[in-house]
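# Structural overview for review
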Amino acid sequence: DLTTARHAAARRLDAAVAALEAAERTAAATVDTVAVRMQLAEAQARGGDREAAATTLRRVLLRRPEHPAATAAAHALADLTGAAVTFTFPERLARAERLHRYRRHRAALRELGLAGDAPDPQAARRVLHLRGMALNRMPGRANYLAGAGALCAAAARGTAGGAPGE
């Protein structure tokens, strides 16, 4: 009977979602959590929980922007929501910092460019500092000089993490 088959499929899907959620929580050291989250989002969407799927995909984009599957996650999120993926200034800055930490300097600079205007002087110093550090780690004399300029501007405004002299 069709109803029984649908109920069985729904139970299997619920079990798959539960198993993927458990794997995400407990196996971070041994599995690719981005792959798990991508599968989890797909299972959530198939189960009709589009909001949970969108949240899962957004978590990938915020926590692991350097991952090779991040672009696929962004496309999946846009397809799921029917809207372009957007981030707040703090989210963009955090993504740029992570990209820089994983030596994705061009991507970090792109992210900073998309961040818009810094909301306060401390954020502006962080942006300048990160821009300078990313440029300094990219090949080419022009990048080094531009990076030095950004670092000098950040220093003139105070330290990247707080008030001058901290």
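Because the structure is predicted, anything quoted here is derived from the model rather than measured. (Residues numbered from 1 in each chain as written. Predicted model: local features only at pLDDT ≥ 70, side-chain atom pairs only at ≥ 80, totals over all residues. Heavy atoms only, no water.)

### Looking at the layout of surface pockets
One number sums up the size of the largest pocket: a volume of about 390 Å³. Lining the largest pocket are 19 residues, and of these P65, A70, T71, R95 and E111 lie nearest its centre. For the lining of the largest pocket, the elements supplying multiple residues, two or more each, are α4 (70-81), α5 (89-101) and α6 (105-115). Taken together, the residues of the lining of the largest pocket sort by class into 10 nonpolar, three polar and six charged. (1 Å grid on protein atoms, 1.4 Å probe; cavity = no way out; pocket = protein on both sides within 12 Å on 5 of 7 lines; lining within 4 Å. Points joined across faces, edges and corners; volume = space filled by probe spheres on them. Helix = DSSP H or I, 4+ residues; strand = E, 2+ residues; numbered from the N terminus. Nonpolar A, V, L, I, M, F, W, Y, C, P; charged D, E, K, R; others polar.)

### Quick look at unusual backbone geometry
Within the chain, R103 stands out as a residue other than glycine whose phi angle is a positive 60°. One can find R103 in the loop between α5 and α6. Given the relative accessible area of 69%, R103 is considered exposed. (Buried < 20%, exposed > 50% of the residue type's maximum accessible area, 1.4 Å probe, protein only.)

### A short note on the packing of helix α3 (residues 50-63) against α4
The interhelical angle for the contact between α3 and α4, taken along N-to-C directions, is 150°, at an axis separation of 9 Å. Judged on the interaxial angle alone, α4 and α3 are roughly antiparallel. The way α3 lies across α4 gives a crossing that is left-handed. Contacts between α3 and α4 involve R50, A53, A54, L57, R58, V60 and L61 from the former and A70, A73, A74, A76, L77, D79, L80 and T81 from the latter. For the contact of α3 with α4, a count of residues per class yields 11 nonpolar, one polar and three charged. (Axes fitted to C-alpha atoms, helices over the stretch in contact; angles between N-to-C directions. Parallel < 35°, antiparallel > 145°, perpendicular 65-115°, else oblique. Left-handed = near helix turned anticlockwise from the far one by under 90°. Contact = heavy atoms within 4.5 Å.)

### Let's talk about the nonpolar core
Side chains of nonpolar character tend, in soluble globular proteins, to be buried together. Judged by nonpolar contacts, the single largest core of 13 residues is most densely connected at L57, L61, A73, L77 and L80. Mapped onto this core, the elements with two or more residues apiece are α2 (33-46), α3 and α4. Ranked by residue count, the leading element in this core is α3, at five residues. Leave out the neighbours within four places in its chain, and L80 touches A45, R50, A53, A54 and L57. Counting residues in each nonpolar core, the second largest holds 12 residues, with L93, L109, A115 and M138 among its members. (Core = buried A, V, L, I, M, F, W, Y, C linked by side-chain atoms within 4.5 Å.)

### A closer look at the pattern of salt bridges
Per the counting criterion, the structure on display carries seven salt bridges. For R64, the salt bridge is made with E66, and the minimal N-O distance between the two is 2.6 Å. The exposure class of E66 is buried, given its relative accessible area of 9%. When salt bridges that share partners are traced, they join R64, E66 and R98 into one network. (Salt bridge = Lys/Arg side-chain N within 4 Å of Asp/Glu carboxyl O.)

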